[in-house]
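Residue-level listing of the chains:
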Amino acid sequence: MPIATPDQYVAMLDRAKQGGFAYPAINVTSSQTLNAALQGFAEAESDGIVQVSLGTALYLSGNSVQNRFTGSKALALYAQEVASHYSVTVALHTDHCPAENLDDWVRPLIADSVERRSRGLDPLYQSHMWDGSAVPLDENLSIARELLDASVQANTILEIEVGVVGGEEDGISHEINEQLYSTVDDARATIAALGAGERGRYLTALTFGNVHGVYNPDSVHLRPEILEEIQTVVGGETGTSKPFDLVFHGGSGSTAEDIASAVASGVVKMNIDTDTQYAFTRSIAGHMIGRYEEVLKVDGGYGNKKAYDPRSWGKPAENAMAARVVEATQMLGSAGRAMR
């Protein structure tokens, strides 16, 4: 199947919420890691989400170009072609975009989707994330309201962050402290600003102690019960069961218990980057270290072209990352549940 259409993406999210499971959202950095993610989803018979980060968008355009719009568009067009050969449905998403990069990344992509829609074409990306965690909540939600209106015109879905995710990802960083926990009042403000779906579909990353990247588990205290409390209180006030479509950020390294609790509270998307990056790179490191006399021209030798051919280490690395994607689908409950 090709990349998800807007209607298919909505159906994916609905199926996850109603079925009590979530999709892994795998950050990719290249055609290799994209292929690994697709391979993993296919092997698990799971639909899924592939996403591009702020830094990756630049990287994909090439060192001498450095254009986020170009890099993102190039990956999406490549993904459309290769994904059409798989039997699962995959949505494309742009990850954390802070205020200073809206004009050189997300807004141009949304405008491109509006233009494509005017020609009867689907958007290249099915959703985009606005990361307003670095600005006051009122400003965060004001920008979110503007972007939600634009997303409706583009036939895409907006993701927002209400609260703060600790750690660092692509230069966006926050301390690990009490700001990592969203409150019921934060959620009420979100509904007041964006509605409960009547203004347009959006995903919400409410934070419950989440941290990006590699960290000491003793310094991180996930409290997924916060999500259940918010869904219950705000759901009662709006007359809606689980009013928020939730996103779990900083999913790498989380326990099965915390993941299960978050999914039971309405998480439909969990971001995974660190664990899949490590799986990919660990395989490459093993190849280079184990075969260094072939990879390098040591002491005047010639090495072994077959050992330093990028395909010789690239294929095993893709397989290793794909295996980690399969593991993620099993933990989140999406394995074996692809749309047919």
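Residues numbered from 1 in each chain as written. Predicted model: local features only at pLDDT ≥ 70, side-chain atom pairs only at ≥ 80, totals over all residues. Heavy atoms only, no water.

**Q** Tell me what's going on with the UniProt feature "binding site: Zn(2+) 1" (unreviewed entry) in the protein chain, and back it up with residues and numbers.
**A** In this numbering, the UniProt entry assigns the feature "binding site: Zn(2+) 1" (unreviewed entry) to His96, His212 and His249. Along the chain, His96 falls in the loop between strand 3 (90-94) and helix 5 (102-118). (UniProt positions renumbered as here; feature names shortened; annotations may be inferred. Helix = DSSP H or I, 4+ residues; strand = E, 2+ residues; numbered from the N terminus.)

**Q** Can you break down the pattern of salt bridges residue by residue, with the values?
**A** Considering all chains together, one arrives at 17 salt bridges under this definition. Asp149 serves as the salt-bridge partner of Arg199, at 3.2 Å between the closest nitrogen and oxygen. Separated by 50 residues along the polypeptide, Arg199 in the loop between helix 7 (184-194) and strand 8 (202-206) and Asp149 in helix 6 (residues 137-154) bring together distant segments of the chain. Given the relative accessible area of 33%, Arg199 is considered partly exposed. Where Arg324 meets Asp275, a salt bridge forms, and the shortest distance between an N and an O atom there is 2.7 Å. A residue pair is termed long-range when its members are at least 10 positions apart, and Arg324 in helix 13 (residues 310-332) and Asp275 in helix 10 (residues 274-290) qualify at 49 residues. Here Arg324 falls in the buried class, since its relative accessible area comes to 15%. Each of Asp14, Lys17, Arg201 and Asp245 takes part in a single network of salt bridges with overlapping partners. (Salt bridge = Lys/Arg side-chain N within 4 Å of Asp/Glu carboxyl O. Buried < 20%, exposed > 50% of the residue type's maximum accessible area, 1.4 Å probe, protein only.)

**Q** Describe the packing of aromatic side chains, and please don't skip the residues or the numbers.
**A** On inspection of all chains with the given rule, the structure shows two aromatic pairs. Between the aromatic rings of Phe21 and Tyr23, the centroid separation amounts to 5.4 Å while the plane-to-plane angle is 85°, which identifies the pairing as edge-to-face. Here Phe21 matches Tyr23 in class, with each residue buried. Here the aromatic rings of Phe208 and Phe248 are separated by 5.0 Å at their centres, their planes lie at 70°, and the arrangement is edge-to-face. Taken together, the residues span a long stretch of sequence, with Phe208 in the loop between strand 8 and helix 8 (225-238) and Phe248 in strand 9 (residues 245-248) at a distance of 40 residues. Residues Phe208 and Phe248 agree in their burial class; the two are buried. In this arrangement the basic side chain of Arg223 is found over the ring face of Tyr181, its NZ or CZ atom lying 4.8 Å from the centre. (Phe/Tyr/Trp six-rings, centres within 6.5 Å; stacked < 30°, edge-to-face > 60°. Lys NZ or Arg CZ within 6 Å of the ring centre and 35° of its normal.)

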